[in-house]
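# Notes for the structure review
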Amino acid sequence: MSATRLLLLGPPGAGKGTQAQLLVERLGVPQISTGDMLRAAVAAGSEVGKLAQGSMDRGELVPDEVVIGVARERLGQPDAKDGFILDGFPRTRAQAEALDELLAQLGTPLERCVSLVVDDDEVVGRLIKRAEIEGRADDNEETIRNRMRVYREQTEPLAAYYGERSLLRDVEAKGSIEDVAGRVRGALA
Ligand code: AP5
Ligand code: MG
């Protein structure tokens, strides 16, 4: 039996999106990436996109109320009722508390938080490589450093939040994508 209501925690470039997509195939539950949703909102020029763009370009967090609204709407959709893979949400204590409240209302509490553990040099290397391939707006060295600082200050403390609730599993996220996926599977058993 595998848990299906999951959160992937980890710094920029840790492999949250990569591992989330593999879990979508394996578990048949949707990936919910606030980063992907916000990038789509920016591309569409929507109200949410206008509120998010400045922070995203600087590598800072989009205000909690904006992101919580986006996540609430997505988690309320029917395909999320049997499970979900949260990728990049929550990122602050306020977001984590809002998520707990929302999932309690929906009757689908979080089952596992997988923390992808990887060193700074490895993630900077991965993102600089991705910049050459995909050209994501926030994949330049200055913004990458800022995203990492923001992660350390605002998001990493969530590991303790989920540790206290006995939901946290650390997974070594260096090595091949397949090896990491195997360790993630082990953490969901
Ligand atoms: P978001 O889109 O979430 O970006 P991020 O957290 O910076 O993380 P990335 O998407 O860059 O990395 P990832 O961990 O998904 O790794 P990936 O699998 O791509 O957020 C972007 C911005 O949106 C934020 O800065 C913020 O402004 C805003 N935002 C989003 N959510 C928010 C929230 N909740 N609150 C407030 N603001 C929010 O892998 C990276 C690269 O490495 C890829 O090229 C991949 O192919 C490669 N790779 C993956 N695994 C391996 C491996 N094992 N070995 C070698 N290469 C690998
Ligand atoms: Mg991602």
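Read on for an overview of the structure. (Residues numbered from 1 in each chain as written. Chains lettered and ligands numbered in written order. Predicted model: local features only at pLDDT ≥ 70, side-chain atom pairs only at ≥ 80, totals over all residues. Heavy atoms only, no water.)

## Focus on helix α9 (residues 177-188)
Working note: α-helix, 3.6 residues per turn, so residues spaced by three or four point in the same direction. Taking 1.5 Å of rise per residue, the twelve residues of α9 would be expected to cover 16 Å, and the 17 Å separating its terminal C-alpha atoms lies within 8% of that figure. For α9, every residue scored as buried is listed here: Val180, Ala181, Val184, Ala187 and Leu188. One side of α9 holds all its buried residues, which, seen down the axis, span an arc of 115°. With respect to the buried face of α9, the exposed residues turned more than 90 degrees away are Glu178 and Gly186. Buried residues in α9 make contact with β1 (5-9), α1 (16-27), β4 (112-117) and β5 (168-172). (Helix = DSSP H or I, 4+ residues; strand = E, 2+ residues; numbered from the N terminus. Expected span 1.5 Å × (residues − 1). Buried < 20%, exposed > 50% of the residue type's maximum accessible area, 1.4 Å probe, protein only. Arc of directions from axis to C-beta. Contact = heavy atoms within 4.5 Å.)

## Structural notes on the packing of α1 against α9
Look at α1 against α9: their axes get within 10 Å of each other, and the N-to-C directions meet at 60°. The angle between α1 and α9 falls in the class oblique. With respect to the hand of their crossing, α1 and α9 are arranged in right-handed fashion. Here Thr18, Gln19, Leu22, Leu23, Arg26 and Leu27 of α1 lie close against α9, whose contacting residues are Ile177, Val180, Ala181, Val184, Arg185 and Leu188. Of the residues belonging to the contact of α1 with α9, the class tally is eight nonpolar, two polar and two charged. (Axes fitted to C-alpha atoms, helices over the stretch in contact; angles between N-to-C directions. Parallel < 35°, antiparallel > 145°, perpendicular 65-115°, else oblique. Left-handed = near helix turned anticlockwise from the far one by under 90°. Nonpolar A, V, L, I, M, F, W, Y, C, P; charged D, E, K, R; others polar.)

Bear in mind that shape data such as this cannot, by itself, settle questions of function.
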